[in-house]
Amino acid sequence: MFRVAIVGRPNVGKSTLFNRLCGTRKAIVGDEPGITRDRIYGTVSSAGRTFEILDTGGMIPDVRDVIPGKVLEQVERAISESDLLLLVVDGRAGVTAPDEQLLPILRRAGRPIWIVVNKIDIPEIETHAAVFYSFGAKELFAVSAEHGRGIGELLDAIAARASEIVTGVAPESTEEIAVAVVGRPNVGKSALVNRLLGMERTIVSEIPGTTRDAIDTLLIREGVRYRIIDTAGIRRKGRTQARTEKISVVMAHKSLARAAVALLLVDAEEGVTKLDAAIGGYAEESGCSAIIVLNKWDKVDKDEHTVEEYTDAIRRRMKYLAYAPVVTVSALTGQRVSKLFDMIRKAWAARQVRIPTGLLNNIFAPDLSQKWIAGNPGQKLNIRYITQASSSPPTFVVFTSGREPLHFSIERFLVNQLRERFGFHATPIRIRQRTKKKASRR
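Since we're looking at a predicted model, the values are computed, not measured. (Residues numbered from 1 in each chain as written. Predicted model: local features only at pLDDT ≥ 70, side-chain atom pairs only at ≥ 80, totals over all residues. Heavy atoms only, no water.)

## Observations regarding the nonpolar core
Soluble globular proteins: nonpolar side chains tend toward being buried together.
Consideration 1: Core analysis: the biggest nonpolar cluster contains 29 residues, and Leu192, Leu263, Ile291 and Leu340 have the highest contact counts within it.
Consideration 2: If you list the elements that add at least two residues to this core, you get strand 7 (176–182), helix 5 (189–197), strand 9 (224–230), strand 10 (261–267), strand 11 (289–295) and helix 9 (339–351).
Consideration 3: No other element matches helix 9, which puts six residues into this core.
Consideration 4: Filtering out sequence-adjacent residues up to four positions away, Leu340 remains in contact with Leu192, Leu196, Leu263, Ile291, Val293 and Val327. (Core = buried A, V, L, I, M, F, W, Y, C linked by side-chain atoms within 4.5 Å. Buried < 20%, exposed > 50% of the residue type's maximum accessible area, 1.4 Å probe, protein only. Helix = DSSP H or I, 4+ residues; strand = E, 2+ residues; numbered from the N terminus. Contact = heavy atoms within 4.5 Å.)

What follows is the structure in structure tokens.
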């Protein structure tokens, strides 16, 4: 697919332009410079062509600080894999020294460079864009990413360029498994994502809160298409101060909502915390399948009982995730990381299972009733009919013979029996009850 990288110094409106071109608020936008750190991908269709847009962090040449230096590495990777570069500049600020310092870096890549003069909000200041012709680019566009001015012309030009370069037809999209990597700050989420992908896709740092945006990366492994979503660390309510951080946490929650499988990372050195348990609750509420990943296992002093002790602690803290398997890994060394793909595929398959209504009512329900009575003599199981309403996650509608809902212990027994009989590996099961209606008085 034809690929376009949006580049430039900090705070010129690159993420605003990215969101405008993609038609969605995928990248976090704010007045604070340097919000975007990793490269973010979006797909755009215009004038009959489909192409990919990359948002990048602000480029600061010759920087020595850790985070800006790693941001620059991410931008250089985006440039190397793109067919066209959009150098975004601030039309209100005019030509600046940092803008001029970026030009030699971009030219060395040998990619076509178009100048996008942003913040031209009204026609009266369009002449401000003329000074940027000194950069020697063949194409220059005066736009307002915030208000949408000039965006249509820019999209048409990109589509025309894509038609010249890419003549083949993009393959039809196939079914993919969306996997969200979630956890509290600094448990190794980005390191695990990079290990899964086999490359440094996201910035890894010991500084908590390095990742801000929810970063999607497509991966095809053994014929299976995965969308790996790296998310910002989720903090306790009230502990997020900066606006950017609050938005990051909201986006992490939204990532859970669109994921089929969640990899819930726990720091094995620190053990299970209250915040880990809270994040596990978010995963369960979202309806996605869950796999609990004990990271940094290489740093734990172990004996033959260590895994069992950790697992018991997790089960006590996260009773609502009793169905979630626990796996020990090291994102740093790669220990058992490849095992996660098998577990993800198994969880995905379990989400798609549909149980025929006949099997539920003619075989499963009678057996369920016998088991209940055997363990609870004298107590009748007031279930008249069961049907599966949907999958992903598996959702069952239970019609009862009473006017009151089933006791939670009976519902839990039903869920356990469904899981024992039909599997549903790593997957939540939802029960919807329909009680007997009261007779109406005439």
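## Description of the sheet that holds strand 8 (residues 215–221)
In any sheet, the strands associate via hydrogen bonds between backbone groups, in a parallel or an antiparallel arrangement.
Consideration 1: Spatial strand order, 8-9-7-10-11-12: six strands in an open sheet with mixed pairing. Two strands in the sheet have a free side with no partner beyond their single neighbour: strand 8 and strand 12 (326–328). This sheet shows a mean twist of 25° between the axes of neighbouring strands, independent of strand direction.
Consideration 2: Looking at chain direction, strand 8 and strand 9 are connected through seven bridges and run antiparallel. Looking at the pairing, Arg221 lines up with Val224 of strand 9.
Consideration 3: Contacts from helix 7 (residues 274–286) reach strand 7 and strand 10, with the element oriented near 180° to strand 10. (Pairing = 2+ DSSP bridges. Axes fitted to C-alpha atoms, helices over the stretch in contact; angles between N-to-C directions.)

## Thoughts on the side chain of Arg419
Consideration 1: Examined against the element boundaries, Arg419 turns out to sit in helix 11 (residues 408–422).
Consideration 2: Among buried charged residues, Arg419 stands out as having no salt bridge; its nearest opposite-charge side chain is Glu284, 7.6 Å away.
Consideration 3: Polar contacts involving the side chain of Arg419 include one to the main-chain carbonyl oxygen of Thr427, which spans 2.7 Å.
Consideration 4: Residues in contact with Arg419, not counting those within four places in the same chain, are Tyr323, Phe424, Thr427, Pro428 and Ile429. (Lys, Arg positive; Asp, Glu negative; His and termini not counted. Salt bridge = Lys/Arg side-chain N within 4 Å of Asp/Glu carboxyl O. Polar contact = N/O pair within 3.5 Å; in protein donor to acceptor, adjacent residues only side chain to side chain.)

## Observations regarding the sheet that holds strand 5 (residues 113–118)
Consideration 1: Read from one edge of the open sheet, six strands run 2-3-1-4-5-6, paired in mixed fashion. Of all the strands in the sheet, just strand 2 (40–46) and strand 6 (139–142) have a single pairing partner and so form its edges. Within the sheet, the average angular offset between the axes of one strand and its neighbour, ignoring direction, is 25°.
Consideration 2: When strand 2 meets strand 3 (residues 49–55), the two strands line up antiparallel, connected through seven bridges. Residue pairing in the sheet places Ser45 in a bridge with Thr50 of strand 3.
Consideration 3: Contacting strand 1 (3–7), strand 2, strand 3, strand 4 (84–90) and strand 5, helix 1 (residues 14–22) crosses the sheet at an angle of about 160° to strand 3.

## Some remarks on the side chain of Arg430
Consideration 1: Residue placement: Arg430 occurs in strand 15 (residues 430–434).
Consideration 2: From its side chain, Arg430 meets the backbone oxygen of Glu284 in a polar contact 2.5 Å long.
Consideration 3: Ignoring any residue separated from it by four or fewer positions in sequence, one finds Arg430 in contact with Glu284, Glu285, Ser286, Gly287, Pro393, Pro394, Thr395 and Phe396.

## Brief notes about the packing of helix 10 (residues 357–375) against helix 11
Consideration 1: Contact geometry for helix 10 and helix 11: axes closest at 11 Å, N-to-C directions at 120°. With respect to their mutual orientation, helix 10 and helix 11 come out oblique. As helix 10 packs across helix 11, the resulting crossing turns out to be right-handed. Residues Leu359, Leu360, Ile363, Phe364, Asp367, Leu368, Lys371 and Trp372 of helix 10 pack against Ser409, Ile410, Phe413, Leu414, Gln417, Leu418, Glu420, Arg421 and Phe422 of helix 11. (Parallel < 35°, antiparallel > 145°, perpendicular 65-115°, else oblique. Left-handed = near helix turned anticlockwise from the far one by under 90°.)

## Description of unusual backbone geometry
Consideration 1: Between Ser392 and the following residue, Pro393, the backbone shows a cis peptide bond with an omega angle of 0°.
Consideration 2: Residue placement: Pro393 occurs in the loop between strand 13 (383–390) and strand 14 (395–400).
Consideration 3: Even without being a glycine, Lys119 presents a positive backbone phi close to 70°.
Consideration 4: Relative to the helices and strands, Lys119 resides in the loop between strand 5 and strand 6.
Consideration 5: One non-glycine residue, Glu222, adopts positive backbone phi at about 55°.
Consideration 6: Examined against the element boundaries, Glu222 turns out to sit in the loop between strand 8 and strand 9.
Consideration 7: By relative accessible area, which is 64% here, Glu222 ends up exposed.

## Notes on the pattern of salt bridges
Consideration 1: Applying the stated rule across the entire model yields 17 salt bridges.
Consideration 2: Residue Glu52 pairs with Arg3 through a salt bridge whose shortest N-O separation is 2.7 Å. Taken together, the residues Glu52 in strand 3 and Arg3 in strand 1 connect sequence positions 49 residues apart.
Consideration 3: Salt-bridge contacts for Glu176 lead to Arg225; the nearest nitrogen and oxygen are separated by 2.9 Å. One end of the pair, Glu176, is in strand 7; the other, Arg225, is in strand 9, with 49 residues separating them in the sequence.
Consideration 4: We classify Glu176 as partly exposed; its relative accessible area is 23%.
Consideration 5: Through salt bridges with shared partners, a single network forms among Arg3, Glu52 and Glu81.

## Some thoughts on the packing of helix 1 against helix 4 (residues 151–165)
The axes of two packed helices give the description: the angle between them and the distance between them.
Consideration 1: Taken N-terminus to C-terminus, the directions of helix 1 and helix 4 make an angle of 75°; their axes are 11 Å apart at the nearest point. Viewed along their axes, helix 1 and helix 4 adopt a mutual orientation that is roughly perpendicular. Residues Leu17, Arg20 and Leu21 of helix 1 lie in contact with helix 4, whose contacting residues are Ile151, Leu154 and Leu155.
Consideration 2: Class assignment for the residues of the contact of helix 1 with helix 4 results in five nonpolar, no polar and one charged. (Nonpolar A, V, L, I, M, F, W, Y, C, P; charged D, E, K, R; others polar.)

No statement about biological role is implied by the geometric values presented.
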